[in-house]
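Examining the three-dimensional arrangement
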Amino acid sequence: MKRLLLALLLAVMAIPAQAQLSRLSFGQYKISSISPRSLRSVDGAVQVQVRNDTTSFTMSNIRGIVYRNGTPFVQGYASDVNVNSGNNLITVPGNVSLCPGISLWSVLGCIVGFDIDEFTVDVAMTVTMADGSSRQLVKRGLNVGEVVRNRLRR
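Nothing here was measured: the structure is a model prediction, and the numbers come from that model.

1. Re the overall build of the protein chain
- Of regular secondary structure, the protein chain possesses three helices and eight strands.
- Sequence-ordered secondary structure for the protein chain, helices as α and strands as β, is α-β-β-β-β-β-β-α-β-β-α.
- Per-residue burial over the protein chain gives 45% buried out of 154 residues.
- If you take every contact in the protein chain between residues at least 6 apart in sequence, the share linking residues at least 24 apart comes to 66%.
- Carbon and sulfur atoms make up 49% of the accessible area of the protein chain, which amounts to about 7,800 Å² in all.

Below is the structure:
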């Protein structure tokens, strides 16, 4: 679940970058907290270094689903996130839970032979700019392996 939480929250941060906010870049990231809520759900947070060379904005109503080989695997949401202009260390808190039909055994099976390229993610959010304008952003079918590798290269 730890890797899937990280992947989901990284995908959340990748959406504004792909939505023509080209002066937005990401640096180091790490899981800053993780705590089980039940056998099917964990709360956690990811810290991400963000350089925003444009206006401040807020991401809200953040939600996503991670698929394993096309089957819904985990779903999650994140709290609202403010991204100020300049260099920022941003914490993105959220929750991830297993999708219906996915058991804890399915997750444990991923630990042994984890292949990040088996996973894709759909992410949606509202981005509100400092001037008050907002838009709904949706990205479907993001390859989790590509998202993680792109973050590692920067």
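After that view, the rundown keeps rolling.
2. Concerning the pattern of salt bridges
- Taken as a whole, this structure holds three salt bridges when the rule is applied.
- Asp-53 is the salt-bridge partner of Arg-51, the closest N and O atoms lying 2.9 Å from each other.
- A relative accessible area of 40% places Asp-53 in the partly exposed class.

3. Observations regarding unusual backbone geometry
- With a phi close to 50°, Asn-61 is a non-glycine residue in the positive phi region.
- With respect to the helices, strands and loops of the structure, Asn-61 is situated in strand E3 (residues 57–68).
- Although it is not a glycine, Asn-69 sits at a positive phi angle of roughly 50°.
- Tracing the backbone through its elements, the reader meets Asn-69 in the loop between E3 and strand E4 (71–78).

4. Regarding the pairing of strand E1 (residues 24–38)
- Direction of pairing for E1 relative to strand E2 (residues 41–52): antiparallel, over a ladder of 11 bridges. Each bridged residue has a counterpart across the sheet, and for Ser-38 the counterpart in E2 is Ser-41.
- Count of turn residues in the E1/E2 antiparallel hairpin: two residues.

5. So, the nonpolar core
- Counting 34 residues, the largest nonpolar core has Met-59 and Val-83 as its most contacted members.
- Sort the elements by how many residues they give to this core and strand E7 (residues 119–129) lands first, with six residues.
- Sequence-distant contacts of Val-83, defined by excluding residues within four places in its chain, comprise Leu-24, Val-50, Asn-52, Ser-56, Phe-57, Met-59 and Ile-90.

6. Looking at the environment of Gly-101
- Relative to the assigned elements, Gly-101 resides in the loop between strand E6 (86–98) and helix H2 (104–112).
- Given a relative accessible area of 82%, Gly-101 falls into the exposed group.
- Counting along the chain gives 28 residues from Gly-101 to Phe-73, while the straight-line C-alpha distance between them is 8.5 Å.

7. Quick look at the pairing of E2
- Counting buried residues along E2, nine of its 12 residues qualify, which places the element largely inside the surrounding structure.
- As judged from the 12 bridges shared by E2 and E6, these two strands associate in the antiparallel manner. Paired with Asn-52 across the strands is Gly-86, a residue of E6.

8. Some thoughts on the side chain of Ser-41
- Within the secondary structure, Ser-41 sits in strand E2.
- Using a relative accessible area of 10% as the deciding quantity, one classes Ser-41 as buried.
- A polar contact is formed between the side chain of Ser-41 and the side chain of Asn-95, at a distance of 2.9 Å.

How each quantity is defined
- Residues numbered from 1 in each chain as written.
- Predicted model: local features only at pLDDT ≥ 70, side-chain atom pairs only at ≥ 80, totals over all residues.
- Heavy atoms only, no water.
- Helix = DSSP H or I, 4+ residues; strand = E, 2+ residues; numbered from the N terminus.
- Buried < 20%, exposed > 50% of the residue type's maximum accessible area, 1.4 Å probe, protein only.
- Contact = heavy atoms within 4.5 Å.
- Areas by Shrake-Rupley, 256 points an atom, 1.4 Å probe, with all protein chains shown as cover.
- Salt bridge = Lys/Arg side-chain N within 4 Å of Asp/Glu carboxyl O.
- Pairing = 2+ DSSP bridges.
- Core = buried A, V, L, I, M, F, W, Y, C linked by side-chain atoms within 4.5 Å.
- Polar contact = N/O pair within 3.5 Å; in protein donor to acceptor, adjacent residues only side chain to side chain.

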